[in-house]
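Architecture at a glance
So the chains spell out like this:
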Amino acid sequence: MNENIGIILEQIRNILLNKPIPDGLKTDAEEFAGLEEAVLYLSGCMTEVNAFLKNVAEGNLETEVPGRHNLMAGALKELHASLTHLAWQANQVANGDYSQHVSFMGEFSDSFNRMIGQLAEREAKLKEQSAALAESVQLMKSVMDGMKDWIVVMEKDSGKVIYENEAAGESFYDEQTGRTACGLPCDLLDQLRREARGQGVWEFQCPVGGKTLRIRSFLVQWNENLAYAHHITDVTNEKAYQEQIETMAFRDELTGVYNRRYTMARLEELLRQKQGFAFCMLDLDHLKAVNDTLGHHAGDNYIRSVIEELQKIVRFSDIIGRIGGDEFSVILPDCSESSAEEKMLLLNERLRAGKEIYPMSVSYGVIYVEPEQKLSAETVMARADGKMYRSKKSKK
């Protein structure tokens, strides 16, 4: 009898230790049959409850629920049902259904319901902001469609064109057909895609139409996505005007050669770069007499004739400048003094062989500036001018 009692106690101990009862741990005594049956039933229920509880604790709410025979699992099944319903409600909230309300989990219910309320308010604000943004984009489109400049908007990551205003659609690129206005592959479009990785201002010279375009790129929020908006302006006329202004600022109107301001700036640059060069000052002989006897028209023709012959002799890289009324200079980079002297002698030969009714010639002074020589532009000009003056005086 004591042995059978020990078996029953061992069975109960296994239940308390959450262990299954081994098949061999059973009693054959009839007087313990009812008690043993109850203990084995309790063991089965506990094993089932523990497995169910383990799955629920791990978040596996799809696990099999204990049957009705297991009276010990009642409260646990209610908890499982509540968690399953809560998971469904959380999924509904994630999908935008903020009507869910929890009332069966105490303080958690209060926090959950407050969170749903905050999410609903936040989404409402986001919808308002989105609507306002859409209206702003629409307004911006209306304004841009009325502009003569091109506006092209590209996705930040892909570089895909997602909008162009009417001017760009007609004269540059059609978003619907994916074709450029000229029907040719477009370098500008490729550069816009590359420039979509950054911002700033840059210019593009169209090899087909010859236009000069200025592009300003901006990172913008476009329909809830980041994009680059490119503002493209045709500055061809502006560039031409700028070149005209520069020509007026640095060129002599009568001869087209550079003026004194540009000549001095170029001299200073060569001296700063420590580059050796020859420098020549020229004075037109008897120009005043030509002006006085034949008129300024003849004098202007004399000046132009000298410059035309001089341009035939010097190199393209040499710089001719008009320093005064009848005084000119020539900067000859990488040229020796003797070579420059030979060019001036040739110039006088050509002038004397001219067919004008008056004689033409120039007096000149040539110096060579060493690469490391520390002189100012004024000093260089003064030394060449001094030699030129002595040459002119010797002729008199």
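What comes next is a walk through the structure. Bear in mind the structure is a predicted one, so any value in this text is a computation, not a measurement.

Bringing the overall build of the protein chain into the picture now. Helix and strand counts for the protein chain come out as 12 helices and 12 strands. In terms of overall dimensions, the protein chain has a C-alpha envelope of 155 × 50 × 40 Å along the principal axes. By the burial criterion, 36% of the 396 residues in the protein chain qualify as buried. In the protein chain, the proportion of contacts linking residues at least 24 apart, taken out of those at least 6 apart, comes to 51%. Carbon and sulfur atoms make up 52% of the accessible area of the protein chain, which totals about 24000 Å². The centroid of the 45 positive side-chain charges in the protein chain is displaced by 14 Å from the centroid of its 61 negative side-chain charges.

Take the pattern of salt bridges next. Counting across every chain of the model gives 14 salt bridges. Between arginine 193 and aspartate 190 there is a salt bridge; the shortest N-O distance is 3.9 Å. Note that arginine 193 and aspartate 190 are positioned in helix α6 (residues 187-195) at a spacing of 3 residues, about one turn of the helix. The exposure class assigned to aspartate 190 is partly exposed, which follows from its relative accessible area of 38%. The closest approach of N and O atoms between lysine 288 and aspartate 292, which form a salt bridge, is 2.9 Å. On the criterion of helical spacing, the pair formed by lysine 288 and aspartate 292 is a turn pair, its members being 4 residues apart in helix α9 (residues 287-294).

On inspection of all chains with the given rule, the structure shows 6 aromatic pairs. When the ring of phenylalanine 172 is compared with that of tyrosine 173, the centres are 6.4 Å apart and the planes differ by 50°; the resulting orientation is tilted. An identical accessibility class is assigned to phenylalanine 172 and tyrosine 173; each is buried. Look at tyrosine 302 and tyrosine 358: their rings are 5.5 Å apart centre to centre, the planes differ by 45°, and that puts the pair in the tilted class. Of this pair, tyrosine 302 sits in helix α10 (residues 296-313) while tyrosine 358 sits in the loop between α11 (337-352) and β12 (362-369), and the two are 56 residues apart along the sequence. For tyrosine 302, a relative accessible area of 0% corresponds to the buried category. Since its relative accessible area comes to 10%, tyrosine 358 is described here as buried. Put simply, the rings of Trp150, Phe172 and Tyr173 pair up and form one aromatic cluster.

Definitions and limits used
Residues numbered from 1 in each chain as written. Predicted model: local features only at pLDDT ≥ 70, side-chain atom pairs only at ≥ 80, totals over all residues. Heavy atoms only, no water. Helix = DSSP H or I, 4+ residues; strand = E, 2+ residues; numbered from the N terminus. Buried < 20%, exposed > 50% of the residue type's maximum accessible area, 1.4 Å probe, protein only. Contact = heavy atoms within 4.5 Å. Areas by Shrake-Rupley, 256 points an atom, 1.4 Å probe, with all protein chains shown as cover. Lys, Arg positive; Asp, Glu negative; His and termini not counted. Charge placed at Lys NZ, Arg CZ, Asp CG, Glu CD. Salt bridge = Lys/Arg side-chain N within 4 Å of Asp/Glu carboxyl O. Phe/Tyr/Trp six-rings, centres within 6.5 Å; stacked < 30°, edge-to-face > 60°.

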